[in-house]
Every structure is written in structure tokens, then in C-alpha cells.
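Topology and contacts: notes
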Amino acid sequence: MRSVVLVTGGAGFIGSHVVDRLVAAGHRPRILDQRPSPWHASGEIDTVIGDVRRPEDVMRAAHGCAAICHLAAAADVGEVHAQPAWSTELNTTGTLNVLEAARQLGIARVVYASTVWVYSDVVADEVDEDELLPAPAHLYTAGKLAGEMYCRSYAELYGVQSTVLRFGIPYGPRARPAAVIPSFVARAQSGEPLSIAGSGDQERSFVYVEDLADGVVRGLIPEAAGRTYNLAGTETTTIAQLAKLVCEEVAETEIVHTEGRAGDLRGARIRSDRAAEELGWSASTPLREGLRRYATWMREQDEPASAVVVAAPAAVRRRARALARLSEAWRDPAFTGVAALLAVASAAVSVILGTPDRTQAADLTVAALALALPLWSLTFTPWPAGLHGRQAWSTALTGLACVVLLGLFSGDPDALHGSHLLSLMTLAICVSALLRVVPLRLAQRSP
Ligand SMILES: NC(=O)c1ccc[n+]([C@@H]2O[C@H](COP(=O)([O-])OP(=O)(O)OC[C@H]3O[C@@H](n4cnc5c(N)ncnc54)[C@H](O)[C@@H]3O)[C@@H](O)[C@H]2O)c1
């Protein structure tokens, strides 16, 4: 089934690969990010530019989605260390807003991007998802664990189904240049020394980003609801071994050691057996092969002919984009509802101004308000995700009916007198109350 899946942070390193993987799996991804994706042609992927810290942006983006993959976050531990308040708000409030949107819109699944950093304070040498986690030392881990707990609470209290994925340390095309593998590869390619923070004994289970994105899409299967999975590489390597591998695969260069980072990931061995058993997932790209592919991609980025995106003629793309946006907009109940309300308002203004009698004009004003009331409820009450198409059609038809009724009332103003007007108002209030309550109940009941 082709479903619309929202990817928050879909313009980022991992998120953009998740978007590609969703397309390959036959879904229709939609990106919510604060910037357009630099990895996709403009208009290629449905995109909402917005901020996950703003509930209204998340609600707008999540309308009509069957699932949300939530990746938008302050993902750089150094950035979290430098800007604790901003990053904590982004990583915790952002997650709450996503879960709340899923609750209000009746979205079937939230896939939450957590991290193997949650194991950084564990004493065991090897860990799986059942490991008891001590209180975290790093703020990044605290924020990510808070997100995991919100997922659990939303499942318990409101039935919002989520899947927690603890990502290993990803690498590959589109990676942030400051991360360890991109910086090692870039330095090796330009003949600079590779710098290791501390002894270099810290162990990491790197995972090739395309493997990781595949794991995120597998996390959408029904059986993964309410489960937590490690998605880590199968090979564990130390930073010192990595530096040697880069020297072998990319270019021979000097290796130097500097002072260690505050709260650095200690690095227990991460088992991803549960993902293998239940999702059929394992990191299939060996580190040496992934490094080779990444180094090739890096070299291509430096070549001017290597455009990331093949551009279609601009006018054709603009037209296709406009049509795609229009057809998407007509399926959005907020869009059709506001258009219908504007149509009713303009019809009301024209019939009221065209009525010379002041009493009749007042009656028509009350009638127009009564007619607009159910339409207002229909437009602004969130319906379950699966019913958005019907909600959009209902708003359009109700708007049309209101305009027709206003036309009839203006032709026969006597029909509005006294008790008729009162009955119309009472009926409108009852219908609009029903239109508010029923969809909210349906949304609460849907899984
Ligand atoms: N990269 C890693 O090493 C790593 C490891 C484990 C888990 N993770 C998790 O995976 C997820 C993705 O990480 P990434 O490496 O792709 O990060 P990234 O920085 O490349 O991407 C994050 C995206 O989120 C967007 N974003 C930031 N603030 C936003 C906001 N307020 N509203 C909307 N969008 C916003 C950014 O524009 C960016 O496109 C994060 O949740 C991260 O915590 C990352």
C-alpha cells in the first residue's frame, strides 16, 4: 500500500536517505524540516518547511499521514554541549509535538530515532535492548531517552503506537563533515594528519547510512509497534583501528592524538539480534566497503560535473510542481475548508449588501453565521488520518450547500422569520457540536 509517511528532519543526513528508501519501498514520503532538502530536486518530494518545536507546524505537516518517522533533532553531541537549552527544547519538545500530532490525528505509528548513546553509561561490555540504563551523563543522551519515555507514555495513556530505533553511529554519503569518518576521509584525501581525541580505544559500531535507512522503513511493519530495536553495525571497531583503515582505503597519512571529549561515548558492544529476528534487518555493508563507497562519493562531490540532482527543464518542473501542490492541497481538509468558508463569506456579503430592508439583512446575517458554524467545525476539527479525503470532500460539499441555501434565503427572505431562524440556529449549533465530538472520539479510538 502506498502511504504518506512524514519524515521530520528529512532534509538531513539520515532523514534524506530514509526519504529515498521510502520512495523505493513504494511509499509517498513528506518532509518536515526547517530547510529544503539539498539532496532532492525542488518539488520532487512533498515538503513542509516548519519547526518541530511549533505544534501547529507539526500538525500541518502530519495531516493525511499514515506514519511519522521522527528524526529532526540536534544530532551533533558537540552542538548539544555548546547550546544546552536550545538543543534540549528541540529534542524533547519536538518529540512531544510529534506524538501529540499523532494522537490528535489518529496516526497509526511513530518511528522514533534514538541512539546507541543511551548505553554510554552502562558498565556491561555487551548490551542489547533489555539492558537496564543508568541516568545519563550527557545531555544529548538525556534528551534522546526522554523521547523514548514520551513514546512509552503516549502508548500507555493514549494508545499512540511507536517504535524506538537506537541508531548506531552512521556514516556514508551526505554525512555532516564534522563527524569522525567524514573528517578522517576528507583529511586523508587532502593529505592532512588524522586527529584522534584521547587514546583512540573508544569502540564504535559504525553503520552504513543506507543500511540504517532500510532499518527505519522496516520499523514501520505492524509487528514493530511498541518495540525497541538497536540498529548498529555488525563490526565493532576502535577509533584507532578506523584511522588505520582510512589510511589503507583512502590515502596514507599521519595519525595524531589530542585531548579527549567531555562525556565521550564509552562504547559497549551493541547487539542488534532483535532487529535481525523481528525486522529481518542487519547492517549488510562491511565497514571497509562502506568507507570505499563514501570516499568515492566524497571525490565526486569535488568534481563540478557531478550534479547531485539532474535538473529537468525549469518551466516543466515549475508546472509539474504547481499541479502536484494543487492536487495535494485539494486533499487537505484545512485547504478546502478555508476555501469553502471564504466562498460562503463572500456569498453572504453579496446577498446582505443586496438586501435593502435592514431587518431582512439582519436575518440573513444570522442565517449566514448559522450556516458557517458546521462548516467551521468540519474544517478545524482534526479527523483520523484515514478519513482526511472524506473530510476534504465534506467541507467542499457543505460549502456548496451553504452558498445555495444563502441564494434561496435571499430570494425568499420571509422563510427566515422568527421561529424558522431560531430553528436554523439551534440545528446549526447541534450539528456543529456533533461534528466536533464525533471525529475526536474516532481519533481517540483508532490505534
Ligand atoms: N548522526 C548520528 O551520529 C546519529 C546517531 C544516532 C542517532 N541519530 C539521530 O538520528 C536523527 C537524524 O540525525 P542526522 O545525523 O541525520 O542529523 P542531521 O543534523 O543531518 O539532520 C537533522 C535534520 O533536522 C532538521 N531540523 C533541525 N532542527 C529542526 C527543527 N526545529 N524543525 C524541523 N527540522 C529541524 C535539520 O534541518 C536537519 O535537516 C536525529 O534524531 C539524531 O539524534 C543520529
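The shown structure was predicted, so the numbers you read here are calculated from the model rather than taken from an experiment.

1. Details of the sheet that holds strand S4 (residues 67-70)
Pairing is parallel across the open sheet formed by 7 strands, whose spatial order is S3-S2-S1-S4-S5-S7-S12. If you trace the sheet from one side to the other, it starts and ends with strand S3 (46-49) and strand S12 (228-231), each paired once. Averaged over all neighbouring strand pairs, the angle between strand axes comes to 20°, with direction disregarded. Direction of pairing for strand S5 (residues 109-115) relative to strand S7 (residues 162-167): parallel, over a ladder of 6 bridges. The residue bridging Ser 114 from the neighbouring strand is Arg 166, located in S7. Against the sheet, helix H2 (residues 55-62) engages strand S1 (4-8), strand S2 (28-33), S3 and S4, with an angle of about 165° to S2. Strand contacts of helix H7 (residues 209-218): S4, S5, S7 and S12, with the helix running at about 165° to S7, the strand carrying the most contacts.

2. Quick notes on the site of the ligand
Around the ligand, the structure places 26 residues, and the nearest of them are Ile 14, Asp 33, Asp 51, Tyr 140 and Lys 144. Separating an oxygen atom of the ligand from a backbone N or O atom of Ile 14 is a distance of 2.8 Å. Out of a free accessible area of 820 Å², the ligand has 92% covered by protein chains. Breaking the shell around the ligand down by element, the ones donating at least two residues are helix H1 (13-24), S5 and helix H5 (139-158). Counting residues per element, the shell around the ligand draws most heavily on S5, which supplies 3 residues. Counted by class, the shell around the ligand contains 13 nonpolar, 7 polar and 6 charged residues.

3. A word on the packing of aromatic side chains
One pass over the structure, following the stated rule, counts 7 aromatic pairs. Taken together, a centroid distance of 6.0 Å and an interplanar angle of 90° make the contact between Trp 117 and Tyr 140 edge-to-face. You can see Trp 117 sitting in the loop between S5 and strand S6 (126-127) and its partner Tyr 140 sitting in helix H5, a full 23 residues away along the chain. For Trp 117, a relative accessible area of 8% gives the class buried. Ring geometry for Tyr 171 and Phe 206: centres 6.3 Å apart, planes at 85°, overall edge-to-face. Placement of Tyr 171 in strand S8 (residues 169-171) and of Phe 206 in strand S11 (residues 206-208) is noted, with a sequence separation of 35 residues between them. What links up through ring pairs into an aromatic cluster is the set Trp 39, Tyr 294 and Trp 297. Sitting over the face of the ring of Tyr 158, Arg 103 holds its NZ or CZ atom 4.6 Å from the ring centroid.

4. So, the environment of Leu 378
Locating Leu 378 in the fold gives a position in helix H13 (residues 358-380). For the pair Leu 378 and Thr 398, spaced 20 residues apart in sequence, the C-alpha to C-alpha distance is 8.8 Å.

5. A look at H2
Buried within H2 we find Asp 57, Val 58, Met 59, Ala 61 and Ala 62. Taken together, the buried residues of H2 touch S1, S2, S3, S4 and helix H4 (84-105).

6. Examining H13
With 23 residues, H13 should reach 33 Å at 1.5 Å per residue; the first-to-last C-alpha distance of 32 Å fits that figure. Most pronounced at Leu 373, the bend in H13 amounts to some 25°, and the proline Pro 374 follows within four residues. Restricting attention to buried positions, one finds in H13 the residues Ala 361, Asp 363, Leu 364, Ala 367, Ala 368, Ala 370, Leu 371, Pro 374, Leu 375, Ser 377, Leu 378 and Thr 379. At the N-terminal end of H13, a side-chain oxygen is found 2.8 Å from the backbone nitrogen of Thr 359, two or three residues along, and the residue is Asp 357.

7. Examining the confidence of the model for the chain
Mean pLDDT for the chain: 88, with 89% of residues reaching 70 or above. Taken as a whole, residues 305-311 scores under 50 in pLDDT and shows 9 contacts with residues more than four places along the chain or in a different chain.

8. Comments concerning the side chain of Lys 144
Here Lys 144 is to be found in helix H5. It turns out Lys 144 is buried and unbridged, and the closest side chain with the opposite charge, Glu 148, is 8.6 Å from it. Once you skip the residues sitting within four places of it in the chain, Lys 144 turns out to touch Ala 73, Tyr 112, Ala 113, Ser 114 and Thr 115.

9. Focus on unusual backbone geometry
If you check the backbone angles, Arg 174 has positive phi at about 80° while not being a glycine. Residue classification places Arg 174 among the buried residues on the basis of a relative accessible area of 15%.

10. A closer look at the environment of Arg 292
Within the element layout of this structure, Arg 292 appears in helix H10 (residues 287-302). By relative accessible area, which is 39% here, Arg 292 ends up partly exposed. C-alpha separation for the pair Arg 292 and Val 185, spaced 107 residues apart in sequence, amounts to 9.7 Å.

11. Some points on the nonpolar core
Counting residues in each nonpolar core, the largest one holds 94 residues, and the members touching the most others are Phe 167 and Ile 181. Every residue in contact with Phe 167, bar those within four places of it in the chain, is listed here: Ile 14, Leu 71, Ala 113, Ser 114, Thr 115, Val 116, Leu 212, Val 216 and Leu 231. Listed in part, the 19 residues of the second largest apolar core include Leu 341, Ala 347, Ala 368 and Ala 370.

Thresholds, definitions, all that
- Residues numbered from 1 in each chain as written.
- Predicted model: local features only at pLDDT ≥ 70, side-chain atom pairs only at ≥ 80, totals over all residues.
- Heavy atoms only, no water.
- Pairing = 2+ DSSP bridges.
- Helix = DSSP H or I, 4+ residues; strand = E, 2+ residues; numbered from the N terminus.
- Axes fitted to C-alpha atoms, helices over the stretch in contact; angles between N-to-C directions.
- Contact = heavy atoms within 4.5 Å.
- Near = heavy atom within 4 Å.
- Polar contact = N/O pair within 3.5 Å; in protein donor to acceptor, adjacent residues only side chain to side chain.
- Areas by Shrake-Rupley, 256 points an atom, 1.4 Å probe, with all protein chains shown as cover.
- Nonpolar A, V, L, I, M, F, W, Y, C, P; charged D, E, K, R; others polar.
- Phe/Tyr/Trp six-rings, centres within 6.5 Å; stacked < 30°, edge-to-face > 60°.
- Buried < 20%, exposed > 50% of the residue type's maximum accessible area, 1.4 Å probe, protein only.
- Lys NZ or Arg CZ within 6 Å of the ring centre and 35° of its normal.
- Expected span 1.5 Å × (residues − 1).
- Bend = angle between axes of the 7 residues up to and from the residue.
- pLDDT = per-residue confidence, 0-100.
- Lys, Arg positive; Asp, Glu negative; His and termini not counted.
- Salt bridge = Lys/Arg side-chain N within 4 Å of Asp/Glu carboxyl O.
- Core = buried A, V, L, I, M, F, W, Y, C linked by side-chain atoms within 4.5 Å.

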